[in-house]
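# Coordinates in review
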Amino acid sequence: MPTLSPANDRLDALDVLRGFALIGICIANVEFFNRPVVESGQGIPAGLHGLDWLVAFLIAYLVSGKFWTIFSLLFGMGFALMLERARVAGRPFAPTYGRRVGVLLAIGLLHHTLLWSGDILISYAAGALALMLALLAPARVLVTALIACIALPQMPGLGLLGWLLAPVILASLVALYLRTRQAWLFPLVTIGAGLLMLLAALLAASGSKGDDTTMLTAVGAIFTGLGLLACWRGPVEQKPLRIGVQIVLLTYCLIAVEAGMRHFAPAAGQVAGVSSVSNTGSAGSAQADGKPLPDDNGRVLRYREQVARSTEERAVLTQGSYPDAVAMRSRQLDERMVDEVGFSVLLVGVFLIGVWFVRSGVIARAAEHKPLYRRLAIVGIPLGVGLGLLGSLIATGRPPGVDDGGHDLAHALLSLGSLPAALGYIGAVMLMLHSHGALSRIRLLAPFGRMALSNYLTQSLVFSLLFYAHGMRLWGIGRTEQVGIALGLCALQIVLSHWWLARFQYGPVEWVWRALTYLSWPPMRMKSRGQV
């Protein structure tokens, strides 16, 4: 990894990118202060017309999924920068970063419980722990963890533990891939484990276990695919990039294949628990391939749970008190933590791509890599946005009922395009930063991005006070008005961030985060008014 010069300098480009990403995140999040968070990923809601529909369409295909991906890439870049600075300074990294992640998790839990259940900080904390294991854990710890994760789920009553330990298994395999010098070792382990999982899934399917085989099939296919792709030999320094891209693309490709089977060949997809239901959502109308499904079918049960959660969330946030909202979000926390298992696997892949951006010098020596950024923008944005638009030809929203009407496939294509679009957006911003015209003024976003955590939490606070029943009760206003409020808030925060950082060294939440990370109180005020 190239040494930064000087090692303790901030990379202003990262702050600009954070500010850019935070604007997109704010625009995407405001919808789910006017709509149950459980409906995230269900596309454009029915009933929109005119300008509201156009705004919703543009956000769905230009914003949704892209900007949290940019923020995740930046999280991986930040990890690599802190690791390099600790190495140059000769100080231990793992204890400090472990505290940093622990504080982030605590902030995320408070954010989820007190303000908004769409929090992303919990996800980042879970993914960061898996990334630390992959990049920092000693070999004996990795081997022990891998053996334990494979052996424990085989014990009676511990089957669920296997899926809860999935990020540990993946992190151990990623570490094996990044560290081993034997080109055959990683493919041997992953392909062998993947084929065993696929065989187990096939045997379970033949025993009519239905939905129980879905995750086993997916994980087995991911492991097998990773092993096969790892057989391709390339420069060693590109290993984080290669495995990160593989994890992300394989995950979304598998989701797209499964959704495509259910949509185009429901008989073939029946093993994965395919079902459909009338708009009433009654179990009696649930069918698969023309045959009624039992009431305990997994897809029917999941649909019922989602409807119940959506109904409760809408009622509490539009009619209930603040204690009611806190109690509801507290009850949802257990399920939320289980959901983080699968998502953290995906985040590890995105983080690793961010790690490569720093280790390769692409960020620190951006002026030397303008051709790369140009290719990312020219190829990534059309490809990423185009995949989403291709899915829109199938469906733009999920209809009521278990039968998704092809929306799951459409959403998988949209998600598959998130990474190339995010990389394209990063390329475009970096080109703007290194231009000499008016576009270079995008660097005005740097203070906004430097206070990203404070601004992110403030957005949730403002939106909850505007839209929820314990605030101004504006829930359900049009999409155009929602986006106008989000953009206005971002503009105000950009101005306030410039004002704040002209006087203080850190944002308020960043100051607390840093103090608890390093176990010391950093100076808050600037030494001179001219220093930013």
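Computed from a predicted structure; not experimentally measured.

The rules behind these values
In this numbering scheme, every chain counts its residues from 1 along its sequence in written order. With pLDDT at 70 or above as the cut-off, local features in this predicted model cover only qualifying residues; side-chain atom pairs require 80 or more to be listed or tallied, and sums for whole chains, interfaces and linings still use all residues. Excluded from the side-chain calculation are hydrogens and water; included are all heavy atoms of the structure. Working convention: axes come from line fits to C-alpha atoms, limited for helices to the stretch in contact. Angles between N-to-C directions cover 0 to 180 degrees. What counts as a helix is a DSSP run of H or I of at least four residues, what counts as a strand is a run of E of at least two, and both are numbered from the N terminus. Our angle categories are set so that under 35 degrees counts as roughly parallel, over 145 as roughly antiparallel, 65 to 115 as roughly perpendicular, and the remainder as oblique. Every residue pair with non-hydrogen atoms within 4.5 Å of one another is taken to be in contact. Each patch groups residues whose relative accessible area exceeds 30% and which form no salt bridge, using 9 Å between like charges and 5 Å between nonpolar side chains of Val, Leu, Ile, Met, Phe, Trp and Tyr. The protein chains shown are the only cover counted for residues, whose accessible areas, like all others here, come from Shrake-Rupley with a 1.4 Å probe. Within this document, salt bridges are pairs made up of a side-chain nitrogen of Lys or Arg and a carboxyl oxygen of Asp or Glu, the two lying within 4 Å of each other. Whether a residue is buried, partly exposed or exposed follows from its accessible area with a 1.4 Å probe, protein chains only, as a fraction of its type maximum: under 20%, in between, or over 50%, in that order. Should the near helix be turned anticlockwise from the far one by less than a right angle, the crossing is termed left-handed; should it be turned clockwise, right-handed. All residues other than Ala, Val, Leu, Ile, Met, Phe, Trp, Tyr, Cys, Pro, Asp, Glu, Lys and Arg, Gly among them, are scored as polar; the first ten of these are nonpolar and the last four charged. In this description, the term disulfide denotes a pair of cysteine sulfurs within 2.5 Å. The score called pLDDT rates the predictor's confidence residue by residue, from a low of 0 to a high of 100. Here a pair means two rings of Phe, Tyr or Trp (six-membered ring of Trp) with centres within 6.5 Å. Their orientation is stacked below 30 degrees between planes, edge-to-face above 60, and tilted elsewhere.

The next subject is the packing of helix H2 (residues 50–62) against helix H19 (residues 479–501). It is at 7 Å that the axes of H2 and H19 come closest, and there the two elements cross at 55°. If you check the angle between H2 and H19, you find them oblique. Residues Leu 51, Asp 52, Val 55, Ala 56 and Ile 59 of H2 form the contact with H19, whose own contacting residues are Arg 479, Thr 480, Glu 481 and Val 483.

Next up on the list: a nonpolar patch on the surface. Taken together, the side chains of Leu 51, Trp 53, Leu 54, Leu 58 and Leu 62 present a nonpolar region at the surface, about 440 Å² in accessible area. Mapped onto the elements, Leu 51 comes out in helix H2. Of the residues examined, Leu 51 reaches a relative accessible area of 53% and is grouped as exposed.

Once that is clear, we can look at the packing of helix H3 (residues 66–89) against helix H5 (residues 121–136). Helix packing for two helices is described by the angle between their axes and how far apart those axes are. Contact geometry for H3 and H5: axes closest at 12 Å, N-to-C directions at 40°. Here H3 lies oblique to H5, going by the angle between them. The chirality of how H3 crosses H5 is right-handed. Where H3 abuts H5, its residues Trp 68, Phe 71, Ser 72, Phe 75, Phe 79 and Leu 83 lie against Tyr 124, Ala 128, Leu 131, Met 132, Leu 135 and Leu 136. Looking at the contact of H3 with H5 residue by residue, the class counts come to eleven nonpolar, one polar and no charged.

In this section: helix H15 (residues 407–416). In terms of residue burial, H15 counts as a mostly covered element, since eight of its ten residues are buried. Those residues of H15 not exposed but buried are His 407, Leu 409, Ala 410, Ala 412, Leu 413, Leu 414, Ser 415 and Leu 416. Elements that come into contact with the buried residues of H15 comprise H2, H3, helix H11 (239–264), helix H14 (370–392) and helix H16 (418–433).

With that settled, consider the state of the cysteines. Summed over all chains, the structure comprises zero disulfides. Among the cysteines around Cys 26, which has no disulfide bond, Cys 490 carries the closest sulfur, lying 3.7 Å off.

This part is about the confidence of the model for the protein. Here the protein averages 84 in pLDDT, and 83% of its residues register 70 or above. Predicted confidence is poor over residues 1–9, with pLDDT under 50, and the contacts of this stretch with residues over four places away or in other chains come to 20 contacts. Throughout residues 268–285 the model reports pLDDT below 50, and contacts reaching past four residues in sequence, or to other chains, amount to 52 contacts.

Moving on, we get to unusual backbone geometry. Of note in this structure, Arg 473 is not a glycine but carries a positive phi near 60°. Of note, Arg 473 is situated in the loop between helix H18 (452–467) and H19.

For the rest of this paragraph, the subject is the pattern of salt bridges. Under the criterion given, the structure shown has 14 salt bridges. A salt bridge links Glu 31 to Arg 479, with the nearest nitrogen and oxygen atoms 3.5 Å apart. A residue pair is termed long-range when its members are at least 10 positions apart, and Glu 31 in the loop between helix H1 (12–29) and H2 and Arg 479 in helix H19 qualify at 448 residues. Summarising the burial analysis for this pair, Glu 31 and Arg 479 share the class buried. Here Arg 262 makes a salt bridge to Glu 258, at a shortest N to O gap of 2.8 Å. Placement of both Arg 262 and Glu 258 in helix H11 is noted, with a separation of four residues, approximately one turn of the helix. When salt bridges that share partners are traced, they join Glu 31, Arg 35, Glu 39, Arg 314 and Arg 479 into one network.

A few words now on the packing of aromatic side chains. Tallying each qualifying case throughout the model produces 21 aromatic pairs. Pairing Phe 20 with Phe 67 gives two aromatic rings, centres 5.2 Å apart and planes at 50°, and the pair type is tilted. One end of the pair, Phe 20, is in helix H1; the other, Phe 67, is in helix H3, and 47 residues separate them in sequence. Look at Phe 67 and you get buried, because its relative accessible area is 8%. With 5.1 Å between their ring centres and 25° between their planes, Trp 53 and Phe 57 make a pair best called stacked. Linking Trp 53 with Phe 57, this pair stays in helix H2, spanning four residues, or about one helical turn. Given the relative accessible area of 34%, Trp 53 is considered partly exposed.

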